[in-house]
Amino acid sequence: MKVFYFENSDGAVRAGSSAGGFFTALAEKILTEGGVVYGAAFDDSWEVVHTRVDRPKALEALRGSKYVFTDISGCFSSIADDLKAGRDVMFCGTPCQVAAIRKRVGENENLLLIEVVCHGAPQPKYWDLYLDEILLKQGKSREDIASINFRDKTEGWKNYSVRVDFKDGSHFIQRHGDNPYILTFIYDYTLRDGCSKCPFKNPNSKADISMGDFWGIEVLTPEIDNNLGTTILIADTSKGEALLSEMAESTSLSVEEVGKYNPAILKAPNTPWEKAEFEKLVSEKGFLFAANKVIKPILKHSKPALKSRIKSIIYRSYS
């Protein structure tokens, strides 16, 4: 498996992407050639859903990380219909979602499967609870939201924030190292139970290309590190390698080398022994109370190493 990296030449696209903007570049290529793209987007209620896009102008909705697991059951028949019509199809999702598409839809030369490097997928209920509690504190409702960004780069790629912009011009912003939703994700409290037993870590990926953040860039390739965001890419099939050889920059790095700094490439997450207590607290006291209860002791003892751990774990760069 060959390792590549990508940095979008369009500064605006790169700034608006979670990492280096590869997802946008590849999706634009597919769409301009008459294909379709499936990826995660917010719906009108700010839930995260998998969406079909067939024109470049609609692509912006799929850009950027969405740290919420989505139901892709509605994609199976739609993808099959697109392939039957002879259209190129690009599907981007978690490794388990990609494996499900591969199994249900079958092999097809027009199907391109892109997996995000996945630490694990938060259950949607936690996103709903978190968002509603934050909105309550802000005196807002979901109808007041203009946009949500899990990876705002105002202070740089490595020091990103969770940001919610409102229609009245105000906003909520919180650095990832202080944000309860991101922290409970990083420390595995909100993940789906099956994530700790994920069978699709490299080298068992079912995708054509694995895509994520190039964490460790300052050590592995410091000459290209500018804190604007860089996408790491792994060719999992010959189809993926041919495409990456055309679009991205090759490296001499191994999967094991990049996996040292982004362990989600190779390893499944753990299950915290306090997870049951966390779930109980959420049901009794709410998400923010439960998150602060379990995260504060961790931060007290691990604050110096927090930045490194967060960089090592963050995933799902629809970049």
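Note that this is a predicted model, so its numbers are computed, not measured.

**Q** Even after reading the chapter, I still don't get the packing of helix 2 (residues 22-32) against helix 8 (residues 238-247), so can you show me in this structure?
**A** Two numbers describe a pair of packed helices, the interaxial angle and the distance between the axes. Interhelical geometry of helix 2 versus helix 8 gives an angle of 105° and a closest axis separation of 12 Å. Judged on the interaxial angle alone, helix 8 and helix 2 are roughly perpendicular. Residues Phe-22, Ala-25, Leu-26 and Lys-29 of helix 2 form the contact with helix 8, whose own contacting residues are Leu-243, Leu-244, Glu-246 and Met-247. Here the residues of the contact of helix 2 with helix 8 are counted per class, giving six nonpolar, no polar and two charged.

**Q** Looking at this structure, how should I read the side chain of Lys-158?
**A** Here Lys-158 shows up in the loop between strand 6 (145-152) and strand 7 (161-166). Owing to a relative accessible area of 17%, Lys-158 belongs among the buried residues under this scheme. Apart from the residues lying within four places of it in its own chain, the contact partners of Lys-158 are His-176, Trp-215, Ile-217, Glu-218, Asp-225 and Asn-227.

**Q** How should the packing of aromatic side chains be read in this particular structure?
**A** A ring pair, where both rings are aromatic, is described by two values, the distance of the centres and the angle of the planes. All chains considered together, the criterion is met by 18 aromatic pairs. Aromatic side chains Tyr-189 and Phe-278 sit 5.4 Å apart centroid to centroid with 50° between the ring planes, which places their arrangement in the tilted category. Note that Tyr-189 is positioned in the loop between helix 6 (180-186) and strand 9 (209-213) and Phe-278 in helix 10 (residues 275-285), a separation of 89 residues in sequence. Summarising the burial analysis for this pair, Tyr-189 and Phe-278 share the class buried. By way of ring pairs, the aromatic residues Phe-42, Trp-46, Tyr-67, Tyr-126, Trp-127, Tyr-130, Phe-150, Tyr-181, Phe-185, Tyr-189, Phe-278 and Phe-287 are connected into one cluster. Its guanidinium or amino end placed over the ring of Phe-166, Lys-140 lies 5.3 Å from that ring's centre, counting from NZ or CZ. Looking at Arg-151, its charged tip hangs above the ring of Tyr-160, at a distance of 4.5 Å from the centre.

Quick notes on the rules
- Residues numbered from 1 in each chain as written.
- Predicted model: local features only at pLDDT ≥ 70, side-chain atom pairs only at ≥ 80, totals over all residues.
- Heavy atoms only, no water.
- Axes fitted to C-alpha atoms, helices over the stretch in contact; angles between N-to-C directions.
- Helix = DSSP H or I, 4+ residues; strand = E, 2+ residues; numbered from the N terminus.
- Parallel < 35°, antiparallel > 145°, perpendicular 65-115°, else oblique.
- Contact = heavy atoms within 4.5 Å.
- Nonpolar A, V, L, I, M, F, W, Y, C, P; charged D, E, K, R; others polar.
- Buried < 20%, exposed > 50% of the residue type's maximum accessible area, 1.4 Å probe, protein only.
- Phe/Tyr/Trp six-rings, centres within 6.5 Å; stacked < 30°, edge-to-face > 60°.
- Lys NZ or Arg CZ within 6 Å of the ring centre and 35° of its normal.

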